[in-house]
Amino acid sequence: MSRLLNAGRPSARQDAKSKFADLANLEEQRRVNFNISLEMHSKLKIYAAKKGLTITQVLTDFIESLPE
């Protein structure tokens with residue numbers, strides 16, 4: 001088989017491997033689910049896209065801006 005056509009296993013690449021030290025630095029997280037109207041979702045999605053962010057980033061930034 002030609003090496004030019006052999007893509008190999010992505011998980012075997014060194015840059016794709018997670019290091020145990022990286023996993024140790026993760027914060028414990030909680031998933032938050034809630035319902036919003038289609039119009040509100042569209043507004044949020046458009047806002048995020050214009051800012052070059054994900055919806056998760058927009059909501060996380062908002063929560064971080066809340067006073068203690």
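This structure is a prediction, so every number in the text was calculated from the model and none was measured.

> Before we move on, could you go through a nonpolar patch on the surface and cite the residues and values that matter?
Taken together, the side chains of V32, F34, I36, M40 and L59 define a hydrophobic patch exposed on the protein surface, amounting to about 480 Å² of accessible area. Turning to its location among the elements, F34 is positioned in the loop between α1 (20-24) and α2 (38-51). With relative accessibility at 53%, the residue F34 sits in the exposed group.

> Tell me what's going on with α2, and back it up with residues and numbers.
In an α-helix there are 3.6 residues to a turn, and that puts residues three or four apart on one side. If you check α2, its first and last C-alpha atoms are 20 Å apart, about what 14 residues at 1.5 Å a residue would give, namely 20 Å. In the stretch just after α2, G52 is the one whose phi turns positive, near 75°.

> Residues and numbers for the packing of α2 against helix α3 (residues 55-65), please.
Where α2 contacts α3, the two axes come as close as 9 Å, and the packing angle between them is 90°. Between α2 and α3, the crossing angle belongs to the class labelled roughly perpendicular. The segment α2 lies against α3, with H41, L44, K45, Y47 and A48 engaging I55, V58 and L59. Looking at the contact of α2 with α3, its residues break down into six nonpolar, one polar and one charged.

> Break down the pattern of salt bridges for me, with residues and values.
Where charged atoms of side chains with opposite charge meet at close range, the side chains can pair. All told, the structure shown has one salt bridge when counted by the stated rule. We note a salt bridge from R30 to E28, for which the minimum N-O separation is 2.8 Å. The residues R30 and E28 share a single accessibility class, namely exposed.

Definitions and limits used
- Residues numbered from 1 in each chain as written.
- Predicted model: local features only at pLDDT ≥ 70, side-chain atom pairs only at ≥ 80, totals over all residues.
- Heavy atoms only, no water.
- Patch = residues over 30% accessible without salt bridge, like charges linked within 9 Å, V, L, I, M, F, W, Y side chains within 5 Å.
- Areas by Shrake-Rupley, 256 points an atom, 1.4 Å probe, with all protein chains shown as cover.
- Salt bridge = Lys/Arg side-chain N within 4 Å of Asp/Glu carboxyl O.
- Helix = DSSP H or I, 4+ residues; strand = E, 2+ residues; numbered from the N terminus.
- Buried < 20%, exposed > 50% of the residue type's maximum accessible area, 1.4 Å probe, protein only.
- Expected span 1.5 Å × (residues − 1).
- Axes fitted to C-alpha atoms, helices over the stretch in contact; angles between N-to-C directions.
- Parallel < 35°, antiparallel > 145°, perpendicular 65-115°, else oblique.
- Contact = heavy atoms within 4.5 Å.
- Nonpolar A, V, L, I, M, F, W, Y, C, P; charged D, E, K, R; others polar.

Note that every value here comes from positions in space, so none of it alone points to a role or purpose.
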